[in-house]
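Report on the structure
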Amino acid sequence: MNTTSNSVGEILLATPYKLNIYIGTFLWIAGNFGCLGNLIVFRSRAFFQRAYSIYLLLEALSSLIYFDFLLLTRILQRGFRIPITTRFDPLCKLRQFDSVWNHVVSLSLFTLALVDRILSLQQTDAYRKWSNRADLAYRLALVTVLFWLLFFGHRLVLYSTTNNQCIPRPGVYAVFDEYIEACVTAMCTPIVMIILGICLLRSVRSLITKKIIPINESRPMAAIQPSILRKIDSQLALMLLVQIIIALTTRIPYATYLIYSNLTRYQVKSAYRTAVENITSETVNLMSYSFFTSSFYVSLITNNGFRRIFKKFIRKYRPKCDCKLNKPSKTLNGTIVNHSR
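Rules used throughout
Residues numbered from 1 in each chain as written. Predicted model: local features only at pLDDT ≥ 70, side-chain atom pairs only at ≥ 80, totals over all residues. Heavy atoms only, no water. Patch = residues over 30% accessible without salt bridge, like charges linked within 9 Å, V, L, I, M, F, W, Y side chains within 5 Å. Areas by Shrake-Rupley, 256 points an atom, 1.4 Å probe, with all protein chains shown as cover. Salt bridge = Lys/Arg side-chain N within 4 Å of Asp/Glu carboxyl O. Lys, Arg positive; Asp, Glu negative; His and termini not counted. Charge placed at Lys NZ, Arg CZ, Asp CG, Glu CD. Buried < 20%, exposed > 50% of the residue type's maximum accessible area, 1.4 Å probe, protein only. Helix = DSSP H or I, 4+ residues; strand = E, 2+ residues; numbered from the N terminus. Expected span 1.5 Å × (residues − 1). Core = buried A, V, L, I, M, F, W, Y, C linked by side-chain atoms within 4.5 Å. Contact = heavy atoms within 4.5 Å. Polar contact = N/O pair within 3.5 Å; in protein donor to acceptor, adjacent residues only side chain to side chain. pLDDT = per-residue confidence, 0-100. Phe/Tyr/Trp six-rings, centres within 6.5 Å; stacked < 30°, edge-to-face > 60°. Disulfide = S-S within 2.5 Å.

Together, Arg 45, Lys 311, Lys 312, Arg 315, Lys 316 and Arg 318 line one region of the surface with positive charge. Judged by its relative accessible area of 59%, Lys 316 is exposed.

In structure tokens:
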């Protein structure tokens, strides 16, 4: 019986490390590939000068840092047990700052891209004139980065390595910081996605309603436009639905656990409960990376234009075989000559 209990205890203790090694590494590879894919597509000639593409291009750059600094240090420290942030105070401060700053910057840029699309679909010129402005996109992106830098800059000062832990200053600040993180980085994601998704779908459907009104009972515009617009509508609906589901299934558990851990911080817990909570903590933290990992793959599956440009890039750099060397040809007198050697 004791042997069984010890083996179960060892499994529970080892599980958090295994989760970070295997799931963390998978997310790191998939996230880097997805970010590079987004950079390739949104830097293409078809997308580059559009405002929403600028937002999504900058979001991909932000997410690339998110994976190659935040997730990579997590894998090394919590998976392979290499003490990085708990040994070096500057890395502790920088990582805790980046864990919230990079998240909200990426989400804000994605939000601005959705707002730009909503404005472009409005019937009123007063709203539509604010869409697809590249100069405005760069200015808003800079303001977004600086705003969140000031908002979360306190982490660069009030976090430190103490007793081999990277923790906030004890007391009121620690409680304040955890609730701010739960509200801003976790709960706001699904809420913002749902609100903007509804607004975007309503705008598209409103445009469809306007376009399908017959013009002098003739066929051309009334017959062609609705099918194209319904296709756009279905693609947007599918993309947003998938993104909303991912946001809900990853960020709400993350926020819930942050609140739970703060409420039960000073409770006396058994070794078994502590082990289970560690597994839960690692699982919900790793799940929180899925939202940024999935962006490229959702676009690739649901957006025909995005998929076409990415395929064009792959074909452009795919090695070509010179099949002419093996192709037989005829001479003037009809003799077949094989050029292969």
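Structure's up, so let's keep going.
So, on to the environment of Glu 10. With respect to the helices and strands, Glu 10 occurs in helix H1 (residues 2-42). For the pair Glu 10 and Ala 275, spaced 265 residues apart in the sequence, the C-alpha separation amounts to 9.8 Å.

Turning our attention to helix H9 (residues 271-287). An ideal rise of 1.5 Å per residue puts 24 Å on 17 residues; H9 measures up with 24 Å between its terminal C-alpha atoms. Looking at H9, one finds that the buried residues are Ala 275, Glu 277, Ile 279, Ser 281, Glu 282, Val 284, Asn 285 and Leu 286.

So, about the nonpolar core. Nonpolar side chains tend to gather and get buried jointly when the protein is soluble and globular. Grouped together as the largest cluster of nonpolar side chains are 59 residues, with contacts concentrated most on Leu 71, Trp 148, Phe 152 and Tyr 289. Per-element tally for this core: the top contributor is helix H2 (residues 51-79), with 13 residues. For Trp 148, the contacting residues outside a window of four places in its chain are Trp 101, Val 104, Val 105, Ser 108, Gly 153 and Val 184.

With respect to the element layout, Thr 144 can be found in helix H5 (residues 134-152). Within polar-contact distance, the side chain of Thr 144 engages the backbone oxygen of Leu 140 at 2.8 Å.

This next bit is on the confidence of the model for the chain. Atomic detail in the predicted coordinates should be set aside for any region of low pLDDT. Residues of the chain with pLDDT of at least 70 account for 81%, and the chain-wide mean is 80. This stretch, residues 212-225, has a pLDDT under 50; its non-local contacts, to residues over four places away or in other chains, come to 6 contacts. Across residues 334-341, where pLDDT falls below 50, the model places 15 contacts with residues more than four positions away in sequence or in other chains.

Moving on, we get to the packing of aromatic side chains. All chains considered together, the criterion is met by 18 aromatic pairs. Centre to centre, the rings of Trp 148 and Phe 152 are 5.9 Å apart; their planes meet at 25°, and the pair counts as stacked. Linking Trp 148 with Phe 152, this pair stays in helix H5, spanning 4 residues, or about one helical turn. You can call Trp 148 buried: its relative accessible area is 15%. Taken together, the ring pairs in this structure connect Phe 33, Phe 42, Phe 296, Tyr 297, Phe 306 and Phe 310 into an aromatic cluster.

The bond known as a disulfide is covalent and runs between the sulfur atoms of two cysteines. Per the counting criterion, the structure on display carries 1 disulfide. The side chain of Cys 92 participates in a disulfide bridge whose partner is Cys 166; the two sulfur atoms lie 1.9 Å from each other. Between Cys 92 and Cys 166, the disulfide has an S-S torsion of 85° and is therefore right-handed. Taken as a pair, Cys 92 in helix H3 (residues 89-120) and Cys 166 in strand S2 (residues 165-168) lie far apart in primary sequence, 74 residues in all. Side by side, Cys 92 and Cys 166 carry an identical accessibility label, which is buried.

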